[in-house]
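In case you want the letters, here they are:
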Amino acid sequence: MGVVILLVMAAGVALMLTRRLPTAFALTLLAVAIAFLAGAPFTGKNSVLDTVLQEGAPALAATMIAIILGSWLGKLLDETGIAGTLVRKIVEFGGDRPTVVALGVLAVSALVGTVTGSAPAAMLAGIIGIPAMIAVGVPKVTAAGTVLMGIAVGIPFELPLWQFFSTALDLPIPTVRGFMVKLFPFALAAALAFVLVETRRRGTEHAWSLKSVDTKPRSRREQLGDAPWYALLAPAVPLVLALGFELAIIPSLLAGVLYALVTTTRPGGMNKRLLRTLYGGFEVAAPPLVLFVAIGILLAAVKLPGAVDALEPLVKAVSPHNPVVFVLIFTLLVPLCLYRGPLNVFGLGAGIAGVLIATGIYPAVAVLGMATSYNQVFGVADPTSTQTVWSAQYAGVSPQQVMVRTLPYVWAVALGGLCVTAATYL
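To start, this report covers the structure provided alongside it. (Residues numbered from 1 in each chain as written. Predicted model: local features only at pLDDT ≥ 70, side-chain atom pairs only at ≥ 80, totals over all residues. Heavy atoms only, no water.)

1. Thoughts on the overall build of the protein
From N to C terminus, the protein includes 20 helices and zero strands. Computed over its C-alpha atoms, the radius of gyration of the protein comes to 22 Å, within 12% of the 22 Å expected for a compact globule of 426 residues. For the protein, the spread of C-alpha atoms along the three principal axes comes to 60 × 50 × 40 Å. Burial analysis of the protein (426 residues in total) assigns 56% to the buried set. Pairs at least 24 apart in sequence give 80% of the contacts found in the protein among residues at least 6 apart. A total of about 17100 Å² of accessible surface is found on the protein, and carbon and sulfur atoms cover 68% of it. Mean positive and mean negative side-chain charge positions of the protein (26 and 18 charges, respectively) differ by 6 Å. (Helix = DSSP H or I, 4+ residues; strand = E, 2+ residues; numbered from the N terminus. Rg over C-alpha atoms; globule rule 2.2 N^0.38 Å. Buried < 20%, exposed > 50% of the residue type's maximum accessible area, 1.4 Å probe, protein only. Contact = heavy atoms within 4.5 Å. Areas by Shrake-Rupley, 256 points an atom, 1.4 Å probe, with all protein chains shown as cover. Lys, Arg positive; Asp, Glu negative; His and termini not counted. Charge placed at Lys NZ, Arg CZ, Asp CG, Glu CD.)

Structural data, given as structure tokens:
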């Protein structure tokens, strides 16, 4: 039966790769199919309806709340001009020096990447940053890649992501935080190398992005001018509270929301801005919320006793335990997290992680190391991820061009993360 379950998983990957079904729908159907193949009853204990669907759907509720709060803060950074001000100040400081401007945009991208991931983070840093880089001679592919590599620097400190891995892998937040801190230097070194190497190796290309010729203000927020200097600390507030003071994730994000509001909004306008940005945050958060519901359902299915018993001998037979072989094999498998592949943690990879933990193949913290290492690749180089698609199209290039240019750098990040995992947890 284990072989049949693996074949069903392969069919699910095919549905996602060919885009016959949206990822969330494919994962839900896959979970129900696995449950039936594992011999789960229709209702009752360890059943399809009560365990997989009823208990699985809200399993990642804490992550969903963190996603909403992160999206809310992201909308505030946009509407109040905090993100735009950060980018403009960096561009003004960099002048006509391509490498300096690119490094500045990289820094801002990393900062907003700690607040919210995916396309919203790319937009916050890229709407001004990408045209500015192209205007001073940074090649278009490098400009798009710089924003993505910057977001990847912020990913280890993205609080909703901490909550996701904590809930999905049943690990305490301090454990997740500890590994993310170890992963950060690799992400930072790769991002700096990307900017320094690519801006010099490719030279300057003095071409304007189509988006950069529009000098009309895009919103009332731009007409109001720059945000106050003290408001620019808003993206760092949740991180300081969660990392420095070890405050819980949801209160830390709420503190960031309140700080951004109080430092940019007059008392009379707070109520309207709070509601407007909250509703806007829900719109941004809707796609990942649906995905996390499906992931929770899939995790519940692969943890059923029947599924564990069926998959355990097969997974044990192919899972390396020698640290060197572990690093070698899983480094070679890095491309399988691209194009919504089987190792994408926001797809079938979540189910595979659940299998590895439920069967006792690897300790949960080792699975955390694998999943977060692969996520660094997916977050930058996957041509199907929303942030990659947006950044590439906004710069006037294809997502595949960005993938080819950034993949060697993020592959090295994954290698570093897997080395730390093998050395520490195996």
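Still more to cover.
2. A word on the packing of aromatic side chains
Within this structure, the stated rule accounts for 14 aromatic pairs. Centroid distance Trp-229 to Tyr-230: 5.6 Å. Interplanar angle 80°. Geometry classified as edge-to-face. Take Trp-229: its relative accessible area is 67%, and that puts it in the exposed class. Seen from their ring centres, Trp-390 and Tyr-394 are 4.6 Å apart, and the 15° between their planes marks the pair as stacked. Residue Trp-390 and its partner Tyr-394 are both found in helix 19 (residues 386-395); the two are separated by four residues, about one turn of the helix. Each member of the pair, Trp-390 as well as Tyr-394, carries the same accessibility label: buried. Taken together, the ring pairs connect Phe-164, Phe-165, Phe-292, Phe-346 and Phe-378 into an aromatic cluster. In this structure, Arg-97 is placed above the aromatic ring of Phe-93, and the distance from its NZ or CZ to the ring centre is 5.9 Å. (Phe/Tyr/Trp six-rings, centres within 6.5 Å; stacked < 30°, edge-to-face > 60°. Lys NZ or Arg CZ within 6 Å of the ring centre and 35° of its normal.)

3. Comments concerning unusual backbone geometry
Of note in the backbone geometry, Asn-46 takes a positive phi value of approximately 50° without being a glycine. Position of Asn-46 among the secondary structure elements: in the loop between helix 2 (23-37) and helix 3 (48-55). With a phi angle near 55°, Asp-170 is a residue other than glycine that sits in the positive phi range.

4. Thoughts on the side chain of Thr-372
Locating Thr-372 in the fold gives a position in helix 18 (residues 364-381). Here the side chain of Thr-372 touches Gly-369 through a polar contact of 3.2 Å, landing on its backbone oxygen. (Polar contact = N/O pair within 3.5 Å; in protein donor to acceptor, adjacent residues only side chain to side chain.)

5. Considerations on a nonpolar patch on the surface
A surface patch of nonpolar side chains, about 340 Å² in accessible area, is lined by Val-3, Leu-6, Leu-7 and Leu-314. Assignment of secondary structure puts Leu-314 in helix 15 (residues 305-318). (Patch = residues over 30% accessible without salt bridge, like charges linked within 9 Å, V, L, I, M, F, W, Y side chains within 5 Å. Salt bridge = Lys/Arg side-chain N within 4 Å of Asp/Glu carboxyl O.)

6. Structural notes on the packing of helix 8 (residues 140-154) against helix 10 (residues 173-201)
Packing of helix 8 against helix 10 brings their axes to within 9 Å, and their N-to-C directions diverge by 165°. Here helix 10 runs roughly antiparallel to helix 8, going by the angle between their axes. The element helix 8 and its partner helix 10 pack so that their crossing is left-handed. Of the residues in helix 10, those in contact with Thr-142, Gly-145, Thr-146, Met-149, Ala-152 and Val-153 of helix 8 are Phe-184, Ala-187, Leu-188, Ala-190, Ala-191, Phe-194, Val-195, Glu-198 and Thr-199. Looking at side-chain class alone, the contact of helix 8 with helix 10 contains 10 nonpolar, four polar and one charged residues. (Axes fitted to C-alpha atoms, helices over the stretch in contact; angles between N-to-C directions. Parallel < 35°, antiparallel > 145°, perpendicular 65-115°, else oblique. Left-handed = near helix turned anticlockwise from the far one by under 90°. Nonpolar A, V, L, I, M, F, W, Y, C, P; charged D, E, K, R; others polar.)

7. Overview of the nonpolar core
With 148 residues, the main nonpolar core has Phe-164, Phe-165 and Ile-295 as its most contacted residues. Setting aside chain neighbours within four positions, we find Ile-295 in contact with Leu-27, Leu-60, Phe-164, Val-345, Phe-346 and Ala-350. (Core = buried A, V, L, I, M, F, W, Y, C linked by side-chain atoms within 4.5 Å.)

8. Quick notes on the pattern of salt bridges
Counted by the stated rule, this structure contains five salt bridges. Here Arg-276 ties to Glu-79 by a salt bridge, and the two come within 2.5 Å at their closest N and O atoms. Remark: Glu-79 occurs in helix 4 (residues 61-79) and Arg-276 occurs in helix 14 (residues 267-302); sequence separation between them is 197 residues. Two residues, Arg-177 and Glu-246, come together in a salt bridge whose shortest N-O distance is 3.5 Å. Here Arg-177, found in helix 10, pairs with Glu-246, found in the loop between helix 12 (236-244) and helix 13 (249-262); they are 69 residues apart in sequence, far enough to count as distant. With relative accessibility at 55%, the residue Glu-246 sits in the exposed group.

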